[in-house]
Amino acid sequence: MIITIDGPAGSGKSTMARRLAKRLGFGFLNTGAMYRAVTLYMLRGGVKVSEKEKIHSLLPKITLEFSGESILLNGEDVTLAIRSQEVEKYVSAVSALREVRERLVELQRGIATEGDYVLEGRDTGTVVFPDAFCKFYLDASVEERARRRQKELEAKGEYHDLEYLKREIERRDELDSTREIAPLVKPPDAVVIDTTGLSPEEVEERLYHEVMKRRGLL
Ligand code: DC
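Within every chain, residues take consecutive numbers counted from 1 along the sequence as written. Whole-chain, interface and lining totals are the exception, using all residues; otherwise, since this is a predicted model, local features are given only for residues with pLDDT of at least 70 and side-chain atom pairs are given and counted only at 80 or more. Side-chain figures throughout are based on the complete set of non-hydrogen atoms in the structure, without hydrogens or water.

### Considerations on the pairing of strand β4 (residues 70-73)
Operational definition: Any two strands are treated as partners once DSSP identifies two or more bridges connecting them. The way it works is that DSSP assigns letters per residue, a run of H or I at least four long becomes a helix, a run of E at least two long becomes a strand, and they are numbered from the N terminus.
Pairing analysis gives 4 bridges linking strand β3 (residues 64-67) to β4, with the strands arranged antiparallel. Its bridge partner lying in β4, Phe66 is registered against Ile71. Linking two consecutive strands that pair antiparallel, namely β3 and β4, is a turn of 2 residues; a positive phi of about 60° is found at Gly68 within it. Two strands pair when backbone bridges link them, and β4 and strand β5 (residues 76-77) are joined in this way by 2 bridges, in the antiparallel orientation. From the neighbouring strand, Leu73 faces β5, where its bridge partner is Glu76. Linking β4 back to β5 in an antiparallel pair, the connection comprises 2 residues, with Asn74 at a positive phi of about 45°.

Okay, here's the thing in C-alpha cells:
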C-alpha cells in the first residue's frame, strides 16, 4: 500500500511522513533526500547545472541507499551533508533536470513497490505513484515555514534572519512550482491540510484518521 505526502519546503512533510510510517508500520521514503544527494554529488564534482551532458553521464555512477534514517551516497553516509545551505541553494535547479528526475523516479518506484510505504516529496502523488491508496498535500504560511526552518538551523547552531529565510523559501517555492517537469502541484485527489498553527501531534492524528477510515478500520 502506497501513501504519498507532497507539499512545499517546510510544510512538515518529512516529520509527518516519518511519524505516519512509524505508526502504521510502513517504510518511509524521503524523496527530497535523494535529490539533495544527487545535488551534493554534482557540487563535489564541480559540475554546473548547465552541463546537462556531463550530468547525464555521471548519473549511472551514483548509487543511493537508505539505512534506517540515513542516506548513503556511493556507500558514504551523507545524511548531514545534504542539509547544508549550499545544497539547499542548488537543489531546486538540479531537481528540475529531466535526466535526474527520470533516474530518481525509477529508483523510488523500485524501492516503494517492495512493500507498504509512505513517500514524501513534491511529485509523489502526481508522478511517482498517481494511483496511490491515499494522497496528502501539506501546506503552511511562508512565515510559519520560515520559523520552522530557523528553529531547525538554530538546533544546528546556525542563526539566520527570518526575512532572509522567508525569501529563500519563496525562491524555492517559485522554482519548484514553475519548473517544466513534474512541478509542485496539489494532486486533485489529495487531502489538503494547512499545518499553520497545528502541532505535529494534531497533524499526525488527521493523517492517521484518514488512512484508517479509508482502510475501513474506523
Ligand atoms: O523536501 P526537501 O526540501 O528536502 O526537497 C529538496 C528539493 O528537492 C526541493 O526543493 C525540490 C526537490 N524535490 C523534487 O523536485 N521532487 C521531490 N519529489 C522531492 C524533492
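Additional details are given in the paragraphs that follow.
### Quick look at the site of the ligand
Heads up, the rule is: Here a residue counts as near a molecule or strand whenever at least one of its heavy atoms sits within 4 Å of it. Here a polar contact means two N or O atoms within 3.5 Å. Within protein one must be a hydrogen donor candidate and the other an acceptor candidate, and residues neighboring in sequence count only if both atoms are side-chain atoms. Residue exposure ignores everything except the shown protein chains as possible cover, and the areas themselves are Shrake-Rupley values with a 1.4 Å probe. All amino acids are sorted into three groups, where Ala, Val, Leu, Ile, Met, Phe, Trp, Tyr, Cys and Pro are nonpolar, Asp, Glu, Lys and Arg are charged, and the leftover types, Gly among them, are polar.
Within the structure, the ligand sits among 16 residues, and Arg36, Arg101, Asp123, Arg172 and Arg179 are positioned closest to it. Here Arg172 contributes a side-chain N or O atom positioned 2.7 Å from an oxygen atom of the ligand. In isolation the ligand offers 450 Å² of accessible surface; the protein chains occlude 97% of this area. Those elements that provide at least two residues to the shell around the ligand are α2 (31-44), α4 (85-94) and α8 (162-178). For the shell around the ligand, the leading source of residues is α2, giving 4 residues. Its residues assigned to classes, the shell around the ligand shows 2 nonpolar, 5 polar and 9 charged.

### A closer look at the packing of aromatic side chains
Cut-off, in case you're wondering: Under the pairing criterion, centres of Phe, Tyr and Trp rings, with the six-membered ring standing for Trp, must be within 6.5 Å; the plane angle then separates stacked pairs below 30 degrees from edge-to-face pairs above 60, leaving the rest tilted. Two conditions define a charge located above a ring, namely a distance within 6 Å from the ring centre to NZ of Lys or CZ of Arg, and an angle within 35 degrees of the ring normal.
All told, the structure shown has 0 aromatic pairs when counted by the stated rule. The ring of Tyr208 carries Arg23 above its face, with NZ or CZ at 3.7 Å from the centroid.

### Digging into the sheet that holds strand β1 (residues 2-6)
Here is the rule: Throughout, an axis means a line fitted to C-alpha atoms (over the contacting stretch in the case of helices), and angles, computed between N-to-C directions, take values from 0 to 180 degrees.
Read across the open sheet, the 5 strands follow the order β2-β6-β1-β7-β8; overall the sheet is parallel. This sheet does not close on itself; its edge strands, each paired only once, are β2 (27-30) and β8 (191-194). Shown here is a sheet whose adjacent strand axes are inclined to one another by a mean of 20°, direction ignored. In the sheet, β1 pairs with strand β7 (residues 134-139) via 4 bridges, with the strands oriented parallel. Counterpart to Ile3 in the pairing with β7 is Cys134.

### Side note on unusual backbone geometry
One non-glycine residue with positive phi stands out, namely Asn74, at about 45°. For Asn74, the location among the structural elements is in the loop between β4 and β5.

### Side note on the sheet that holds β4
Read across the sheet, 3 strands follow the order β3-β4-β5 without closing on themselves; strand pairing throughout is antiparallel. Only two strands of the sheet have a single partner each, and these edge strands are β3 and β5.

### Regarding the pattern of salt bridges
Put simply, the test is: Counted as salt bridges are all cases of a side-chain nitrogen of Lys or Arg within 4 Å of a carboxyl oxygen of Asp or Glu. Any residue under 20% of the maximum accessible area for its type is buried, any over 50% is exposed, and the rest in between are partly exposed; the area is computed with a 1.4 Å probe on protein chains only.
This structure, assessed with the given rule, holds 24 salt bridges. We note a salt bridge from Glu204 to Arg19, for which the minimum N-O separation is 2.6 Å. Taken as a pair, Glu204 in helix α9 (residues 200-214) and Arg19 in helix α1 (residues 13-24) lie far apart in primary sequence, 185 residues in all. For Glu204, a relative accessible area of 10% puts it in the buried group. Of the residues examined, Arg19 reaches a relative accessible area of 28% and is grouped as partly exposed. Here Arg147 and Glu144 are joined by a salt bridge, their closest N and O atoms 3.9 Å apart. Here Arg147 pairs with Glu144, and both are found in helix α7 (residues 142-155), just 3 residues apart, close to one helical turn.

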